[in-house]
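# What the coordinates show
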Amino acid sequence: MSLRLDAVSVFRAGRAIVNDVSLECVPGGITAFCGANGAGKTTALKVLVGALKPDKGRALLSNQLIDEIPGGELARRRAAVPQHPLLAFPFRVHEVVEMGRTPHFGRVTPADDAEAVLGAIQSMGLSELADRDYLTLSGGERQRVMIARALAQVWFSPEEGGARWLLLDEPTSALDLKHQLALMTLLKKLANEGWGVVCVLHDLQLIKRHADQAAMFKGGQLASVGAPQDELTAERVADIFDLDAPYDLI
Amino acid sequence: MSDAVALHQGRERRAKLVLISCACAAVALAILGVVIGPLQIAPIDLAKILIHQLGLTSASVSEVKSGVILNLRIPRVVLACAVGASLGVAGAAMQGFFRNPLADPSLIGVSFGGALAAVAVIVLGGAFFGSANALLGPFFLPISAFAGSLSVVLIIYRVSTIDGRVIVATMLLAGVAANALAISGIGYLTFLADDTQLRDLTFWTLGTLGGATWSRVLPAVALMLTAIAGMLTLARPMNCLLLGEGDAVALGVDVERVKRRAALLTALGVGAATAVCGVISFVGLVVPHLVRLMTGPDHRYVLPGSALLGAALVLAADLIARLAVTPAELPLGVVTAALGAPFFFWLLVKDKRREALG
């Protein structure tokens, strides 16, 4: 049932940007990737998504090699939101969310698709914006639309069985405090319902409050993994971020 | 619940209405294209001739009239429809492929790449390509143009992308370079050409539907229809591609395959169109934009809408080309450029304003 990296390395220009990382994420909880800029968090997440093939090691979903799972099936089992969305065409918000239903085309009824789209829009508090042109939205609103799209993608349990996964790269980077908390509460609720959630987060407070597992990245390596309260001690934070003095989280 | 569904249905209904209107416009213009000309033909005569051709009646209109209709006007109108549809869809597909609404086959050199290959075949002809010519027969010219167009698509894509992201300025400038290179090539071949070839070549660079005969039209139309049908199947994955390649992969889209198909099919559509009627510029830019304004950017409507509106626009432009300076005829490319270039300016100004507004 787990999503796993097994001794994964990724090389760019002769340098290991992810170096021998082994990590297991289990459904039912939130795993947060934490670390300085360039520590390899995004790259490791891309390997988990299946968008990047590791140069060494294996990425596995329920003990199946992710590379070997057909694209459509994989897309019905996990959804992902990248850091920088590129959409430059004036789609309506509900149309963007509807794109999340692409892997289900021809497999479910239009009513199911509509239910998923509507549910995702409501979950992200976008009902008021549903008919707005995506390009006229603010950065935070766009980010919520893209997360809603990912929710719509895995709204129902996959026909292939197993857990649903959400893989989010800095999902709170453009959100205000209220929406950050709303998102984390939602992710927590989904995790309690059995979804697997993995996200890159920079806000240590959010990790401490909401994550079940913190994966600490440093220099392309996984320095340690554990419960947030154990990982985010003043000394460990100073070490991970190369600070001069211990840093206490309130 | 009903809100989002209603929104969705409202847009869908509107888009379908747009498609039907475009189709009606194309049919009306096609009929006009057949009946209007130096020899005026009453629509009722057209109906009689068609019915006679189907073998339903024995009585027919004069031989001359039916000859003009069946061998001159109908092939021309069929060609106009196919060329317009093909360039319209190719423009839409190319804009999706480059994830940018300024991509257009004639702007970024795809049309002239095809024209260069076609002109090379005409001028160098038997001497260079004898065996291929014999093998492919009437398909040789359109397939050569396809090869020329495809080379340009691939070069522009290689030059203007970094990590799957398209640098728009580079794409347009690479198009300028590709156009310049192709035009200089055509210039050199013009220099080599003899007098008869020369007259053909002039028409080539300006674009025309003149001289459409069934034997020239049919092979190219077959290739264009193949390209259009292929591109229409790419609507959903192309929507996902607009989100960015990473997102498209996460949605289960085989991005490389979609891109490969889009490149091949656009080149086929543009190449085949260019092979029979030269460079018809700006159709691929203007048409998808107009359709998007009416239906929104969903490729499920933009692609078929661009086919229908493209056909209507080229039919209309051809009517203008034929009627503006009767009894002579303007090159079609001149008409489409005169309509399309100001439109391009307008787009640039509009984009600049948006940039300025942040």
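So, a few notes on the structure that sits alongside this text. (Residues numbered from 1 in each chain as written. Chains lettered and ligands numbered in written order. Predicted model: local features only at pLDDT ≥ 70, side-chain atom pairs only at ≥ 80, totals over all residues.)

### Digging into the overall build of chain A
Across its full length, chain A holds 9 helices and 10 strands. Against the 2.2 N^0.38 benchmark of 18 Å for 250 residues, chain A shows a C-alpha radius of gyration of 18 Å, consistent with a compact globule. Dimensions of chain A, computed from C-alpha atoms along their principal axes, come out at roughly 55 × 40 × 35 Å. Looking at chain A as a whole, 47% of its 250 residues are labelled buried. (Helix = DSSP H or I, 4+ residues; strand = E, 2+ residues; numbered from the N terminus. Rg over C-alpha atoms; globule rule 2.2 N^0.38 Å. Buried ≥ 20, exposed ≤ 12 C-beta atoms within 10 Å, placed from the backbone.)

### Observations regarding the overall build of chain B
Assigned secondary structure in chain B consists of 14 helices and 2 strands. Taken against the 2.2 N^0.38 rule, which gives 21 Å for 358 residues, the C-alpha radius of gyration of chain B at 21 Å falls within 12% of a compact globule. Considering only C-alpha atoms, chain B reaches an extent of 60 × 55 × 40 Å along its principal axes. By residue count, 49% of the 358 residues in chain B fall in the buried class. Taking the intrachain contacts of chain B between residues at least 6 apart in sequence as the baseline, contacts between residues at least 24 apart amount to 78%. (Contact = placed C-beta atoms within 7 Å.)

### Details of helix H5 (residues 139-153) of chain A
An α-helical turn contains 3.6 residues, so any two residues separated by three or four positions project in the same direction. All names here are of chain A. End to end, H5 covers 21 Å across 15 residues, agreeing with the expected 21 Å (1.5 Å per residue, within 8%). Where H5 is concerned, the buried positions are Glu141, Gln143, Arg144, Val145, Met146, Ile147, Ala148, Arg149, Ala150, Leu151, Ala152 and Gln153. Packing partners of the buried residues in H5 comprise helix H2 (71-77), strand E6 (78-81), helix H3 (93-99), helix H4 (110-123), strand E7 (165-169) and helix H6 (177-192). (Expected span 1.5 Å × (residues − 1).)

### As for the sheet that holds strand E9 (residues 213-218) of chain A
Residues and elements named next belong to chain A. Read across the sheet, 6 strands follow the order E6-E7-E8-E3-E9-E10 without closing on themselves; strand pairing throughout is mixed. Every other strand in the sheet has two partners, leaving E6 and strand E10 (221-226) as the edge strands with one partner each. Across the sheet, the axes of successive neighbouring strands diverge by a mean angle of 15°, strand direction being ignored. Judged from the 5 bridges that link them, strand E3 (residues 30-35) and E9 form a sheet pairing that is parallel. Along E9, the bridge assignment pairs alanine 32 with alanine 214. (Pairing = 2+ DSSP bridges. Axes fitted to C-alpha atoms, helices over the stretch in contact; angles between N-to-C directions.)

### Thoughts on the interface of chain A and chain B
In this assembly, 30 residues from chain A lie in contact with 24 residues from chain B. Elements that contribute at least two residues to the side of chain A that touches chain B include exactly H2, E6, H3 and H4 of chain A. A class-by-class count of the residues in the side of chain A that touches chain B yields 22 nonpolar, 5 polar and 3 charged. (Nonpolar A, V, L, I, M, F, W, Y, C, P; charged D, E, K, R; others polar.)

### Re the packing of helix H5 (residues 140-160) of chain B against helix H11 (residues 255-277) of chain B
Residues and elements named next belong to chain B. Taken N-terminus to C-terminus, the directions of H5 and H11 make an angle of 135°; their axes are 7 Å apart at the nearest point. When the axis of H5 is compared with that of H11, the two are oblique. Note on packing geometry: the crossing formed by H5 with H11 is right-handed. Judged by residue contacts, Leu141, Pro142, Ala145, Phe146, Gly148, Ser149, Leu150, Val153, Leu154 and Tyr157 of H5 engage Ala263, Leu264, Thr266, Ala267, Leu268, Val270, Gly271, Ala272, Thr274 and Ala275 from H11. Class assignment of the residues belonging to the contact of H5 with H11 gives a composition of 15 nonpolar, 5 polar and no charged. (Parallel < 35°, antiparallel > 145°, perpendicular 65-115°, else oblique. Left-handed = near helix turned anticlockwise from the far one by under 90°.)

### Some remarks on the packing of helix H3 (residues 63-97) of chain B against helix H8 (residues 214-232) of chain B
All names here are of chain B. Between H3 and H8, whose axes approach to 9 Å, the crossing angle comes to 30°. Classified by the angle their axes make, H3 and H8 are roughly parallel. Here H3 and H8 pass one another in a crossing that is left-handed. Residues Pro75, Val78, Leu79, Ala82, Ala85, Ser86, Val89 and Ala93 of H3 lie in contact with H8, whose contacting residues are Trp214, Val217, Val221, Met224, Leu225, Ala227, Ile228 and Met231.

### Examining the sheet that holds strand E5 (residues 64-65) of chain A
Residues and elements named next belong to chain A. Strand order in the open sheet formed by 4 strands is E2-E1-E4-E5, and the pairing between neighbours is antiparallel. The sheet terminates laterally at strand E2 (15-25) and E5, the two strands that pair on one side only. Pairing analysis gives 2 bridges linking strand E4 (residues 56-61) to E5, with the strands arranged antiparallel. The residue of E5 that forms the bridge with leucine 60 is leucine 65. Against the sheet, helix H1 (residues 41-49) contacts strand E1 (3-12), E2 and E4, and its axis sits at roughly 125° relative to E1.

### Examining H11 of chain B
Residue and element names in this part refer to chain B. In this model H11 runs 33 Å from its N-terminal to its C-terminal C-alpha over 23 residues, within 8% of the 33 Å that 1.5 Å per residue would give. Burial runs high along H11: 18 of the 23 residues are buried. Immediately downstream of H11, the backbone of glycine 278 shows phi near 75°, a positive value.

### Looking at the pairing of E10 of chain A
All names here are of chain A. Relative to E10, E9 runs antiparallel, the two sharing 5 bridges. Bridged to methionine 216 within E10 is serine 224. Where E9 folds back on E10, the antiparallel hairpin that results is connected by 2 residues, among which glycine 219 adopts a positive phi of roughly 55°.

### So, the environment of isoleucine 186 of chain B
Residues and elements named next belong to chain B. Note that isoleucine 186 resides in helix H6 (residues 168-192). Sequence spacing of isoleucine 186 and glutamate 329 is 143 residues, and the spatial spacing of their C-alpha atoms is 23 Å. Every residue in contact with isoleucine 186, bar those within four places of it in the chain, is listed here: Ala115, Leu116, Val119 and Thr205.

### Observations concerning the environment of threonine 233 of chain A
All names here are of chain A. Inspection of the secondary structure assignment puts threonine 233 in the loop between helix H8 (228-231) and helix H9 (234-240). When the 14 C-beta atoms within 10 Å are taken as the criterion, threonine 233 is described as partly exposed. Between the C-alpha atom of threonine 233 and that of aspartate 248, which follows or precedes it by 15 residues, the distance is 7.0 Å.

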